[in-house]
Amino acid sequence: MSALPFRLKPTGDNESAILCPVCGDDGVHIASVEVDRGGSVLTVPSQTEAILSQRARTARGVVLAIEMWGECGHRFVVRLQFHKGTTFLVVDSRPEVGPAVCHDLWRD
Ligand SMILES: [Zn+2]
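Residues numbered from 1 in each chain as written. Predicted model: local features only at pLDDT ≥ 70, side-chain atom pairs only at ≥ 80, totals over all residues.

Topic: the overall build of the protein chain
Stage number 1. Helix and strand content of the protein chain: zero helices and nine strands.
Stage number 2. The C-alpha radius of gyration computed for the protein chain amounts to 14 Å, which stays within 12% of the reference 13 Å derived for 108 residues, consistent with globular compactness.
Stage number 3. With respect to the principal axes defined by its C-alpha atoms, the protein chain has extents near 35 × 30 × 30 Å.
Stage number 4. Residue burial in the protein chain is summarised as follows: out of 108 residues, 11% are buried.
Stage number 5. Partitioning the contacts of the protein chain with sequence separation of at least 6, the portion at a separation of at least 24 is 43%. (Helix = DSSP H or I, 4+ residues; strand = E, 2+ residues; numbered from the N terminus. Rg over C-alpha atoms; globule rule 2.2 N^0.38 Å. Buried ≥ 20, exposed ≤ 12 C-beta atoms within 10 Å, placed from the backbone. Contact = placed C-beta atoms within 7 Å.)

Encoded structure:
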(Lines give C-alpha, C1' and ligand atoms only; values in the text may rest on other atoms or scores of the structure.)
Protein backbone atom coordinates (compact mmCIF):
# COMPACT_ATOMS: atom_id res chain seq x y z
CA MET A 1 0.00 0.00 0.00
CA SER A 2 1.37 3.43 -0.91
CA ALA A 3 -0.07 6.96 -0.83
CA LEU A 4 -1.33 8.37 -4.13
CA PRO A 5 -2.67 11.80 -5.23
CA PHE A 6 -6.42 12.46 -5.04
CA ARG A 7 -7.41 13.45 -8.58
CA LEU A 8 -10.63 15.13 -9.73
CA LYS A 9 -11.93 16.24 -13.12
CA PRO A 10 -14.55 19.04 -13.05
CA THR A 11 -17.65 17.87 -14.93
CA GLY A 12 -20.10 20.69 -14.21
CA ASP A 13 -21.19 23.26 -11.67
CA ASN A 14 -20.14 22.01 -8.23
CA GLU A 15 -19.52 18.49 -9.55
CA SER A 16 -16.37 16.55 -10.36
CA ALA A 17 -15.49 13.01 -11.35
CA ILE A 18 -12.99 11.08 -9.25
CA LEU A 19 -10.12 9.92 -11.43
CA CYS A 20 -7.92 6.89 -11.01
CA PRO A 21 -4.98 8.17 -8.93
CA VAL A 22 -2.58 5.95 -10.88
CA CYS A 23 -3.45 6.59 -14.55
CA GLY A 24 -6.11 9.36 -14.54
CA ASP A 25 -8.89 7.26 -16.10
CA ASP A 26 -12.40 8.46 -15.17
CA GLY A 27 -14.05 5.02 -15.20
CA VAL A 28 -14.00 4.71 -11.40
CA HIS A 29 -16.46 2.57 -9.39
CA ILE A 30 -17.26 2.34 -5.67
CA ALA A 31 -16.71 -1.16 -4.28
CA SER A 32 -17.31 -0.81 -0.54
CA VAL A 33 -17.57 1.64 2.34
CA GLU A 34 -16.24 1.29 5.86
CA VAL A 35 -16.89 3.49 8.91
CA ASP A 36 -14.48 3.01 11.83
CA ARG A 37 -15.60 4.68 15.05
CA GLY A 38 -12.76 3.97 17.44
CA GLY A 39 -12.52 0.30 16.51
CA SER A 40 -16.27 -0.27 16.12
CA VAL A 41 -16.43 -0.90 12.38
CA LEU A 42 -19.38 -0.95 9.99
CA THR A 43 -18.48 -2.37 6.58
CA VAL A 44 -20.85 -2.24 3.63
CA PRO A 45 -19.33 -4.59 1.04
CA SER A 46 -20.54 -5.11 -2.51
CA GLN A 47 -21.48 -8.78 -2.31
CA THR A 48 -23.04 -9.23 1.15
CA GLU A 49 -25.08 -7.40 3.77
CA ALA A 50 -23.42 -4.87 6.08
CA ILE A 51 -21.05 -6.28 8.69
CA LEU A 52 -20.41 -4.96 12.21
CA SER A 53 -17.05 -5.84 13.75
CA GLN A 54 -14.51 -4.75 16.35
CA ARG A 55 -10.79 -4.16 16.01
CA ALA A 56 -8.06 -2.26 17.82
CA ARG A 57 -8.45 1.51 17.68
CA THR A 58 -6.18 3.00 15.00
CA ALA A 59 -7.13 6.69 15.15
CA ARG A 60 -8.43 9.37 17.52
CA GLY A 61 -11.35 10.27 15.25
CA VAL A 62 -13.69 8.61 12.80
CA VAL A 63 -12.16 7.04 9.69
CA LEU A 64 -14.23 6.62 6.52
CA ALA A 65 -12.72 4.33 3.89
CA ILE A 66 -14.21 4.10 0.41
CA GLU A 67 -12.72 1.29 -1.64
CA MET A 68 -12.76 2.00 -5.36
CA TRP A 69 -11.75 0.26 -8.56
CA GLY A 70 -11.07 1.56 -12.02
CA GLU A 71 -12.05 0.11 -15.37
CA CYS A 72 -8.32 0.53 -16.05
CA GLY A 73 -7.62 -2.27 -13.53
CA HIS A 74 -6.25 -0.12 -10.69
CA ARG A 75 -7.72 -0.36 -7.19
CA PHE A 76 -7.44 2.20 -4.40
CA VAL A 77 -8.97 3.40 -1.14
CA VAL A 78 -10.03 7.00 -0.42
CA ARG A 79 -9.75 7.49 3.33
CA LEU A 80 -11.15 10.45 5.29
CA GLN A 81 -9.85 10.72 8.85
CA PHE A 82 -10.84 13.24 11.47
CA HIS A 83 -8.09 14.26 13.91
CA LYS A 84 -7.97 17.27 16.26
CA GLY A 85 -10.40 19.46 14.33
CA THR A 86 -9.09 18.62 10.87
CA THR A 87 -10.31 16.05 8.36
CA PHE A 88 -7.48 14.50 6.36
CA LEU A 89 -7.80 12.76 3.00
CA VAL A 90 -5.43 9.97 2.00
CA VAL A 91 -5.52 7.74 -1.08
CA ASP A 92 -3.85 4.33 -0.78
CA SER A 93 -3.21 1.89 -3.60
CA ARG A 94 -4.45 -1.70 -3.53
CA PRO A 95 -3.10 -4.67 -5.47
CA GLU A 96 -4.55 -4.94 -8.97
CA VAL A 97 -7.00 -7.76 -9.61
CA GLY A 98 -8.94 -8.91 -12.61
CA PRO A 99 -12.29 -7.31 -13.48
CA ALA A 100 -14.12 -10.49 -12.44
CA VAL A 101 -13.47 -9.71 -8.77
CA CYS A 102 -14.32 -5.99 -8.96
CA HIS A 103 -17.94 -5.39 -7.99
CA ASP A 104 -19.98 -2.23 -7.52
CA LEU A 105 -21.41 -1.46 -4.09
CA TRP A 106 -24.71 -0.94 -5.85
CA ARG A 107 -25.99 0.18 -9.25
CA ASP A 108 -29.09 -0.35 -11.34
ZN1 LIG B 1 -5.95 3.50 -13.44
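What to know about the sheet that holds strand S7 (residues 63-70)
Stage number 1. Spatially, the seven strands line up as an open sheet ordered S1-S9-S8-S7-S4-S5-S6, and their pairing is antiparallel. Either end of the sheet is taken by a strand with one partner, and the two such strands are strand S1 (3-4) and strand S6 (51-54).
Stage number 2. Sheet analysis places strand S8 (residues 75-83) next to strand S9 (residues 86-94), joined by nine bridges and oriented antiparallel. Among the inter-strand pairings, Arg75 is bridged to a residue of S9, identified as Arg94. (Pairing = 2+ DSSP bridges.)

Some words on the pairing of strand S4 (residues 28-37)
Stage number 1. Here S4 pairs with S7 via eight bridges, running antiparallel. Directly across from Asp36, in S7, lies its bridge partner Val63.
Stage number 2. Of the pairings in the sheet, the one linking S4 to strand S5 (residues 40-44) comprises five bridges and is antiparallel in character. Bridging from a neighbouring strand, Val35 pairs with Leu42 of S5.
Stage number 3. Remark: two residues form the turn of the hairpin made by S4 and S5, two consecutive strands paired antiparallel; Gly38 in that turn has positive phi of roughly 65°.

With respect to unusual backbone geometry
Stage number 1. In this structure, Asn14 takes a positive phi of about 55° despite not being glycine.
Stage number 2. Here Asn14 shows up in the loop between strand S2 (7-12) and strand S3 (15-19).
Stage number 3. Here the phi dihedral of Lys84 falls at roughly 50°; this positive angle occurs in a residue that is not glycine.
Stage number 4. Relative to the assigned elements, Lys84 resides in the loop between S8 and S9.

Side note on the pairing of S3
Stage number 1. Relative to S3, S2 is paired through five bridges, and the arrangement is antiparallel. Its bridge partner lying in S3, Lys9 is registered against Ala17.
Stage number 2. Hairpin connection, S2 to S3: the antiparallel pair is bridged by two residues, and Asn14 has positive phi, about 55°.

Brief notes about the environment of Phe6
Stage number 1. Locating Phe6 in the fold gives a position in the loop between S1 and S2.
Stage number 2. For Phe6, a count of 13 C-beta atoms within 10 Å gives the class partly exposed.
Stage number 3. The sequence separation of Phe6 and Gly61 amounts to 55 residues, and the corresponding C-alpha distance is 21 Å.
Stage number 4. Setting aside its immediate chain neighbours within four residues, Phe6 contacts Pro21, Val78, Leu89 and Val91.

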